[in-house]
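Overview (structure and organization)
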Amino acid sequence: MLAALTWFKPQFLSVRLFSGILLVLVMFQGLLGMWTVTLLLKPVVVMLHLLGGLAILSLLYWKMLRQQSSSGFFVSESSTELLPIVVTALFILFCQISLGGWTSSNYAALACPDFPTCQNMWWPEMNFKEGFTLWQGLGIDYEGGTLNSEARTAIHMTHRIGAIITGIIISYVSFRAILTGAKYLRLTGVVVLILLITQLSLGVANIKFNLPLSIAVAHNGVAALLLLSLITLLHHCVSKKNNIL
């Protein structure tokens, strides 16, 4: 319906392009849902299904922010000096969320049952080649996936290392936003920092409490909120004159 409204009414070309991309994403997301079943929970398909959902959410949220800004509510601060580091933080977070999806779809969340060590070692035996082979033969095992222990440990440890890198970069971005002095940037920076601390705490809790469903779901939900908070920062870094974007 959104795509039809933008194509049958006078609109900026960028708005039509946005709605077209969104429509293609929704259709592809439907295909991924089908392949998730027909390919027996193939990890790469499950991960792409997660990323597709977050991409649709992010695009809709971005358009909402730009529309609100053009109507005078939550106006962009146009803080272009923060743009490069915010874009970098978004890319790093995207990679970390992808690692999280890969960890979950390969049943690697409990490959390291202790924290901060893994299997009572700082650097356990790992098989990165097998752990990050994207396309493997069909097979299913709900009790731990089809990978061996060393491969799942490699995935889990990579996600931990990614969490450290992501935490450092997003912390830097949030403090830069807080120190700018602009009202909405300060507010958004505080929200980003709170969500980051919450997300890291949930990650540790998943290990300490043996992956309870409530904490695992919360870990996914807060990841989405953290993504949206960084998109809000991006909104404040793009000039309010560019509301057609």
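Reading guide: rules and limits
Residues numbered from 1 in each chain as written. Predicted model: local features only at pLDDT ≥ 70, side-chain atom pairs only at ≥ 80, totals over all residues. Heavy atoms only, no water. Helix = DSSP H or I, 4+ residues; strand = E, 2+ residues; numbered from the N terminus. Expected span 1.5 Å × (residues − 1). Buried < 20%, exposed > 50% of the residue type's maximum accessible area, 1.4 Å probe, protein only. Axes fitted to C-alpha atoms, helices over the stretch in contact; angles between N-to-C directions. Parallel < 35°, antiparallel > 145°, perpendicular 65-115°, else oblique. Left-handed = near helix turned anticlockwise from the far one by under 90°. Nonpolar A, V, L, I, M, F, W, Y, C, P; charged D, E, K, R; others polar. Contact = heavy atoms within 4.5 Å.

1. A look at helix α4 (residues 83-105)
- For α4, with 23 residues, the first-to-last C-alpha span of 33 Å sits near the 33 Å given by 1.5 Å per residue.
- In the segment just after α4, Tyr-107 is the residue with positive phi, at about 55°.

2. So, the environment of Leu-5
- Checked against the element boundaries, Leu-5 lands in helix α1 (residues 2-7).
- Overall, the relative accessible area of 48% leaves Leu-5 in the partly exposed class.

3. Side note on the packing of helix α7 (residues 183-208) against helix α8 (residues 213-237)
- Taken N-terminus to C-terminus, the directions of α7 and α8 make an angle of 155°; their axes are 9 Å apart at the nearest point. By the angle class used here, α7 and α8 are roughly antiparallel. With respect to the hand of their crossing, α7 and α8 are arranged in left-handed fashion.
- Partitioned by chemical class, the residues of the contact of α7 with α8 number 17 nonpolar, 10 polar and no charged.

4. Some remarks on the packing of α4 against helix α6 (residues 149-178)
- Direction vectors running N to C along α4 and α6 enclose 155°, while the axes themselves pass 9 Å from each other. On the basis of their axis angle, the class for α4 and α6 is roughly antiparallel. For the pair α4 and α6, the sense of crossing is left-handed. Listed contacts from α6 to Ile-85, Val-86, Ala-89, Ile-92, Leu-93, Gln-96, Leu-99, Gly-100, Trp-102 and Thr-103 of α4 are Ile-155, Thr-158, His-159, Gly-162, Ala-163, Thr-166, Ile-169, Ile-170, Tyr-172, Val-173 and Arg-176.
- The residue inventory of the contact of α4 with α6, partitioned by class, reads 13 nonpolar, seven polar and one charged.

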